Amino acid sequence: MARGKLRIYLGAAPGVGKTYAMLSEAHRRVERGTDCVVAYVEHYGRSRTEVMLHGLEQIPRRELEYRGAAFGEMDVDAVLRRAPAVALVDELAHTNVPGSRNAKRWQDVEELLAAGIDVISTVNIQHLESLGDVVESITGVRQRETVPDEVVRRADQIELVDMSPEALRRRMAHGNIYKPDKVDAALSNYFRPGNLTALRELALLWVADRVDEYLTEYRTEHRVSAIWGSRERIVVGLTGGPEGRTLIRRAARLAEKGAGGEVMAVYIARSDGLTSASPKELAVQRTLVEDLGGTFHHVVGDDIPAALLDFARGVNATQIVLGSSRRKAWQYVFGPGVGATVARESGPDLDVHIVTHEEVAKGRGLPVARGARLGRTRIISGWLVGLAGPAILAVLLNTVDLGLANDMLLFLAVTVAAALLGGLLPALASAAFGSLLLNYYYTPPLHRLTIADPKNIVAIAIFVGVAVSVASVVDLAARRTHQAARLRAESEILSFLAGNVLRGETGLEELLERVRETFAMESAALLERASDVEPWTCAGRAGFGPALERPEDADVDMPIGDHMALALTGRVLPAEDRRVLAAFAAQAVVVLDRRRLQEEADQARALAEGNRIRTALLAAVSHDLRTPLAAIKAAVSSLRSDDVAWSEEDQAELLEGIEEGADRLDHLVGNLLDMSRLQTGTVTPLIREIDLDEVVPMALGGVPEDSVELDIPETLPMAAVDPGLLERSVANLVENAVKYSPPGQRVLVSASAIVDRVEVRVVDRGPGVPDEAKDRIFEPFQRYGDAPRGAGVGLGLAVARGFAEAMGGTLNAEDTPGGGLTMVLSLRAAGSPPEPLPLGESSTEPERQTQC
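Just so we're clear, the structure is a prediction, and the values are computed from it rather than from any experiment. (Residues numbered from 1 in each chain as written. Predicted model: local features only at pLDDT ≥ 70, side-chain atom pairs only at ≥ 80, totals over all residues. Heavy atoms only, no water.)

Before going further, it helps to spend a moment on the overall build of the protein. A count of helices and strands for the protein gives 25 helices and 24 strands. Residue pairs at least 24 apart in sequence account for 72% of intrachain contacts in the protein once pairs closer than 6 positions are excluded. Of the accessible surface of the protein, which amounts to about 41200 Å², a share of 55% is contributed by carbon and sulfur atoms. (Helix = DSSP H or I, 4+ residues; strand = E, 2+ residues; numbered from the N terminus. Contact = heavy atoms within 4.5 Å. Areas by Shrake-Rupley, 256 points an atom, 1.4 Å probe, with all protein chains shown as cover.)

Right under this line is the structure:
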């Protein structure tokens, strides 16, 4: 069965019209005859959204009961049985009520997609998991309902539903988003113009990056080489010289002028040794470009201008920034230079900026070496000089008589020129052709291929020998220069690779992308298999080439051991490049092993933490829970015994002991269950607006009446909390405070309002806790000091903090002035924008609870 397609409407904030746009699309599809149903859509009392539901088939929701309240969730089984062509599922990041089929709604959507059902859904930008910290820094609110970025990125279509902050605030003021009693608080807090502008920018940039990925994939698949200036992407050509820092800063300023500008610095290692790069300077420039938000790339290319232009067109760049040449005036006899060549060959779609700097015309620092790999142009030139040069020289010498010795020197000069240009073979051809011309035209008898004077035979033989020797030396020097330059380029690449690995900056995908860039390939993949008969699997991949099932299908196959291979597609790689490729392949295996070891270490830590908790639980069961059970059993056995006639006072004392033991046992088991709920993430608060004086007194039932002093002002604003969780948190805090308070010292429980928060303070006059232990006391199974076994399992404070954070509050410990410890429970005041409201319309929203 083909997998269904996912379409997502993405918004910057609640109220921009995601659900309305989704329902409008559903009506369009129904009009075209598409089988479309509403699997789950929440209108939150918004009349315009509710009207859009009319005329659409709705799947009944599944009713679930949780903590005494009824909730309606999407019925995945009913949708699968109905098997529509398209299902509408609102709020992709929603957390399902405990007891649902899946913990998250996006997991429900994955099941629908796997069943071949197309899904249309909605999500806000602040729900993306990777943006949680950014959104918190902007709004001051941490979003707990998130969806993995990869789930959204895998969507077949992502449509941005955009609205200006001013228009959204007008919709809010008109009551089109929240109820009237919440509008003022929302406008003055979460829905401030600055917050909305920042969130809108986040959404626009995220979608722009996604569109850029689509564009890159499309250009690669269709082999589009022309530059499409969809966004400013600036390539900086670096030589490793000190001017590189100036070029990088200039490029960064250019990028800032255009929205979404991107800087990509590239250093091209040329095999003929034309550049003199300093590894230290390159490292400094790499750090600089990354600090400015750009990326650094290292590419091998024999022709620097061509390699630079190929790289720029490959990344769809719009501008190239180069520095003015450092060559001196006389060095231009070797060619126009990289900058002039790039500007000439760039074409109309690629702008080239030549930036001046302090190193202009100061020289390169090393002599220019031209005797590297002999290209086609040089070889052709060598043959032309080697064959046409002697003929032209013979014509010229026929007009003037310089003597045989001078004639031979001139022919030798032509042979040396052919050797310098074309290497050994053109020089040998020039020597042979020149010796024939010398014999025929200038050695008596003339115009005959014979030599009368034996001395002339020796002279011509010396001429041929010198020509061959010079040609051999020139050719050998060119080969040695080429080898040295290539080794230098390889060492630079390997040094760069080793530096990345030592700094721990290279993941497997990043390393494969570096391989693809370095060797100008379409894709790079690391394949592995368990044995010789098992199929190959892909451990990591970079690029957009065709997926590989076997290493033999690739253009380049680099085996790594018996059951692993590095496969590249794009072109056949020269044999001399395989040495560097082998180093990359070996490093890829190391990176893969390191990643797997890290995963195993994480699993081991999780198992160790689980073992620690299980050990503590066993210890609690073995002693802390057995003690009240033993006391209860002894008291019950005594009451049932016929051997002793118990007085009414004795019976009352035994019954009181049974009751105390049962209460203590109930408290311990309750904490254990609460801790397990927190560990598994199944605590879902039901937020309501209540007065603290309705809940806090109920939390004092487990302590002696005269042990606590209560101070809650009547003018205190209401708090937005879960009453059950708040009662349990305060009860644990008070019980802990009473336990460590000196005899005769009462624990103070007070409350106050600070801005948009309500604080509950539990103050004791006990021994206190040092600063270094204030965070540790909130960890599970922690007893402070020499607390005896049987005084609890050490879960009270951990449960209290967990419940506080689940309600969007905080719990911290402070020193009591004069000695003791103060627990500060900070809660959100009623009327302040609740976390679930601005960060997505979730099950914890007050409007949702009212409807339930």
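Bringing the confidence of the model for the protein into the picture now. The predicted model of the protein averages 78 in pLDDT, with 80% of residues at 70 or higher. Low confidence marks residues 363-372, where pLDDT is under 50. Its contacts with residues over four positions away, or in another chain, come to 23 contacts. Residue range residues 834-852 is modelled with pLDDT below 50. Its contacts to residues more than four positions away, or to other chains, number 79 contacts. (pLDDT = per-residue confidence, 0-100.)

The sheet built from five strands is open, its strands ordered β11-β10-β9-β12-β13 with parallel pairing. At either end of the open sheet lies a strand with only one pairing partner, and these are β11 (295-300) and β13 (351-355). Neighbour-to-neighbour, the strand axes of the sheet open up by a mean angle of 25°, direction not taken into account. Note: strand β9 (residues 233-238) against strand β12 (residues 319-323), three bridges, orientation parallel. (Pairing = 2+ DSSP bridges. Axes fitted to C-alpha atoms, helices over the stretch in contact; angles between N-to-C directions.)

Going through the model one piece at a time under the given rule, you end up with 24 salt bridges. Measuring nitrogen to oxygen at the nearest pair gives 3.1 Å for the salt bridge that ties Glu262 to Arg233. Placement of Glu262 in strand β10 (residues 262-269) and of Arg233 in strand β9 is noted, with a sequence separation of 29 residues between them. By relative accessible area, Glu262 is classed as partly exposed at 23%. Given a relative accessible area of 5%, Arg233 falls into the buried group. Of the charged contacts, one joins Glu528 and Arg596 as a salt bridge, the two residues approaching to 2.2 Å between their closest N and O atoms. Placement of Glu528 in strand β14 (residues 523-528) and of Arg596 in helix α19 (residues 578-624) is noted, with a sequence separation of 68 residues between them. (Salt bridge = Lys/Arg side-chain N within 4 Å of Asp/Glu carboxyl O. Buried < 20%, exposed > 50% of the residue type's maximum accessible area, 1.4 Å probe, protein only.)

Within the chain, Ala83 stands out as a residue other than glycine whose phi angle is a positive 50°. Its place among the elements puts Ala83 in the loop between α3 (76-82) and β6 (86-89). With a relative accessible area of 46%, Ala83 lands in the partly exposed category. In this model, Glu91 sits at a positive phi of 55°, which is unusual for a non-glycine residue. Summarising the element assignment, Glu91 is placed in the loop between β6 and α4 (105-114).

With that out of the way, let us pick up the packing of helix α15 (residues 404-422) against helix α16 (residues 424-442). Close contact between α15 and α16 brings their axes to 8 Å; oriented N to C, the two are set at 160°. Taken together, the axis directions place α15 and α16 in an arrangement best described as roughly antiparallel. Read as a crossing pair, α15 and α16 show a hand that is right-handed. Residue-level inspection shows Leu404, Asp407, Met408, Phe411, Val414, Thr415, Ala418, Ala419 and Gly422 of α15 in contact with α16, the latter providing Leu424, Pro426, Ala427, Ser430, Ala431, Gly434, Leu437, Leu438 and Tyr442. (Parallel < 35°, antiparallel > 145°, perpendicular 65-115°, else oblique. Left-handed = near helix turned anticlockwise from the far one by under 90°.)

So, on to a nonpolar patch on the surface. On the surface, a nonpolar cluster with roughly 420 Å² of combined accessible area is contributed by Ile379, Trp383, Leu387, Leu425 and Leu428. Every element with two or more residues in the nonpolar patch is listed here: α14 (376-397) and α16. For the nonpolar patch, the leading source of residues is α14, giving three residues. Along the polypeptide, Ile379 turns up in helix α14. (Patch = residues over 30% accessible without salt bridge, like charges linked within 9 Å, V, L, I, M, F, W, Y side chains within 5 Å.)

This next bit is on helix α23 (residues 723-740). The terminal C-alpha atoms of α23, which comprises 18 residues, lie 26 Å apart, in line with the 26 Å expected from a rise of 1.5 Å per residue. Listing the buried residues of α23 in full gives Pro723, Leu725, Leu726, Ser729, Val730, Asn732, Leu733, Val734, Asn736 and Ala737. Measuring from the backbone nitrogen of Gly724 back to the side-chain oxygen at the start of α23 gives 2.9 Å, which picks out Asp722 as the cap. (Expected span 1.5 Å × (residues − 1). Polar contact = N/O pair within 3.5 Å; in protein donor to acceptor, adjacent residues only side chain to side chain.)

Our next topic: the packing of aromatic side chains. The tally for this structure, following the rule as stated, stands at zero aromatic pairs. Seen from the ring of Tyr40, Arg105 lies directly overhead, with NZ or CZ sitting 3.9 Å from the centre. (Phe/Tyr/Trp six-rings, centres within 6.5 Å; stacked < 30°, edge-to-face > 60°. Lys NZ or Arg CZ within 6 Å of the ring centre and 35° of its normal.)

Structurally, the position occupied by Asp156 is in the loop between α6 (149-153) and β8 (157-161). Asp156 gets classed as partly exposed once you look at its relative accessible area, which sits at 40%. Along the primary structure Asp156 and Gly4 are separated by 152 residues, whereas in three dimensions their C-alpha atoms are 9.5 Å apart. With residues up to four places along the chain from it excluded, the contact list for Asp156 reads Gly4, Lys5, Leu6 and Tyr214.

For strand β22 (residues 757-763), a buried count of five out of seven residues is recorded, marking the element as mostly surrounded by other parts of the structure. With seven bridges connecting them, strand β21 (residues 747-754) and β22 associate as antiparallel partners. Across the sheet, residue Ala753 finds its bridge partner in β22, namely Val758. Counting the residues between successive antiparallel strands, the hairpin from β21 to β22 contains two residues, one of them, Val755, with a positive phi of roughly 55°.

A separate point is the packing of α23 against helix α24 (residues 796-806). At a closest axis distance of 9 Å, the pairing of α23 and α24 adopts a crossing angle of 150°. Viewed along their axes, α23 and α24 adopt a mutual orientation that is roughly antiparallel. Here α23 and α24 pass one another in a crossing that is left-handed. Side by side, α23 and α24 meet where Leu725, Arg728, Ser729, Asn732, Leu733 and Asn736 of the first sit next to Gly796, Leu797, Val799, Ala800, Phe803 and Ala804 of the second.

In terms of burial, strand β2 (residues 36-40) is largely enclosed, as five of its five residues are buried. Strand direction decides the pairing type here: β2 and β6, joined by four bridges, are parallel. Within the sheet, the bridge partner assigned to Val37 lies in β6 and is Ala87. With two bridges joining them, β2 and strand β3 (residues 57-58) adopt parallel strand pairing.

Turning to the side chain of Thr816, a few remarks are in order. With respect to the helices and strands, Thr816 occurs in the loop between β23 (810-815) and β24 (821-828). Classification of Thr816 by relative accessible area gives buried; the value is 5%. Looking at Thr816, its side chain comes within polar contact range of the main-chain nitrogen of Leu821, at 3.1 Å. In contact with Thr816, other than residues within four places in its own chain, are Val763, Asp764, Arg765, Leu821 and Thr822.

Counting 64 residues, the largest nonpolar core has Leu88, Leu92, Leu112, Val147 and Phe191 as its most contacted members. Ranked by residue count, the leading element in this core is helix α9 (residues 193-221), at six residues. Leaving out residues up to four positions away in the same chain, Leu88 has contacts with Met22, Leu23, Ala26, Cys36, Val37, Val38, Ala39, Tyr40, Val41, Leu56 and Ile120. Within the second largest apolar cluster, 44 residues are counted, among which are Ala719, Val747, Ala773 and Leu795. (Core = buried A, V, L, I, M, F, W, Y, C linked by side-chain atoms within 4.5 Å.)

This brings us to helix α10 (residues 244-257). Compared with the 20 Å implied by 1.5 Å per residue over 14 residues, the 20 Å span of α10 between its first and last C-alpha is a close match. For α10, the full list of buried residues reads Gly244, Leu247, Ile248, Ala251, Ala252, Leu254 and Ala255. All buried residues of α10 lie within an arc of 160° about the axis, which places them on one face of the element. Away from its buried face, by an angle of more than 90 degrees, α10 presents the exposed residues Glu256 and Lys257. (Arc of directions from axis to C-beta.)

A cluster of basic residues, Arg249, Arg250, Arg253 and Lys257, forms a positive patch on the protein surface. For Arg253, a relative accessible area of 44% corresponds to the partly exposed category. (Lys, Arg positive; Asp, Glu negative; His and termini not counted. Charge placed at Lys NZ, Arg CZ, Asp CG, Glu CD.)

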